[in-house]
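Residue-level structure breakdown
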Amino acid sequence: QVQLAESGGGFVQAGGSLRLSCVASGRTFTTYTMGWFRQAPGKERDFVAAITWSGRSTYYEDSVKGRFTISRDNAKNTMYLQMNSLKPEDTAVYYCAGRVRSRVSYNALSDYDYWGQGTQVTVSS
């Protein structure tokens, strides 16, 4: 049974911080890129950030650059998303994504094979 489980969401005021975690179980994702996506009410699920298996390369959607940091600890099968300087427009359900095959692309929904259940992040103004 493959599972990705997010945690760390919550309610925070604008300018605040949250740290999301994603724990993988049932299958190792450590040798492949993993990512974070988010979905606001009434909108599509969009790419936020991705990290290669080694952690040496990271990728960010433009609106979160300089505010969010993606990282991973392969020994713990865990990926993180540190979110600072949060804005009301960051309000969304955040999903972690994993894959079990190599591909070049990293920012499309179809680039990933497994998804977590999501964790709600709400930022008040």
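Scroll up to find the structure this text is about.
Read on for an overview of the structure. (Residues numbered from 1 in each chain as written. Predicted model: local features only at pLDDT ≥ 70, side-chain atom pairs only at ≥ 80, totals over all residues. Heavy atoms only, no water.)

Section: the overall build of the protein
- Scanning the protein for helices and strands turns up zero helices and eleven strands.
- Ordered by position from N to C terminus, the α and β elements of the protein give β-β-β-β-β-β-β-β-β-β-β.
- Against the 2.2 N^0.38 benchmark of 14 Å for 125 residues, the protein shows a C-alpha radius of gyration of 13 Å, consistent with a compact globule.
- Taken over the C-alpha atoms alone, the protein extends approximately 40 × 30 × 25 Å along its principal axes.
- A burial count over the protein gives 41% of its 125 residues as buried.
- Of the contacts made within the protein by residues no fewer than 6 positions apart, 56% connect residues no fewer than 24 positions apart.
- With an accessible surface of roughly 6400 Å², the protein has 46% of that area assigned to carbon and sulfur atoms. (Helix = DSSP H or I, 4+ residues; strand = E, 2+ residues; numbered from the N terminus. Rg over C-alpha atoms; globule rule 2.2 N^0.38 Å. Buried < 20%, exposed > 50% of the residue type's maximum accessible area, 1.4 Å probe, protein only. Contact = heavy atoms within 4.5 Å. Areas by Shrake-Rupley, 256 points an atom, 1.4 Å probe, with all protein chains shown as cover.)

Comments concerning the environment of S21
- Position of S21 among the secondary structure elements: in strand β3 (residues 18–25).
- Sequence separation between S21 and S63 is 42 residues; the distance between their C-alpha atoms is 20 Å.
- Other than its neighbours up to four places away in sequence, S21 contacts A5, E6, S7, W36, T78, M79 and Y80.

What to know about the packing of aromatic side chains
- Applying the stated rule across the entire model yields six aromatic pairs.
- On the basis of an interplanar angle of 65 degrees and a centroid distance of 5.0 Å, the ring pair of F37 and W115 is categorised as edge-to-face. Of this pair, F37 sits in strand β4 (residues 34–39) while W115 sits in strand β10 (residues 114–115), placing them 78 residues apart in sequence.
- Relative accessible area serves as the criterion here: at 1%, F37 is assigned to the buried category.
- Considering the side-chain rings of Y59 and Y106, the 4.0 Å spacing of their centres and the 20 degrees angle between planes classify their relative orientation as stacked. Of this pair, Y59 sits in strand β6 (residues 58–60) while Y106 is found in the loop between β9 (92–98) and β10, placing the two residues 47 residues apart along the sequence.
- The rings of F37, F47, Y59, Y106, Y112 and W115 are connected pair by pair, giving a single aromatic cluster.
- R19 extends its terminal NZ or CZ atom over the ring of Y80, reaching a point 4.0 Å from the ring centre.
- Lying over the aromatic face of Y95, R45 brings its terminal NZ or CZ to 3.5 Å of the ring centre. (Phe/Tyr/Trp six-rings, centres within 6.5 Å; stacked < 30°, edge-to-face > 60°. Lys NZ or Arg CZ within 6 Å of the ring centre and 35° of its normal.)

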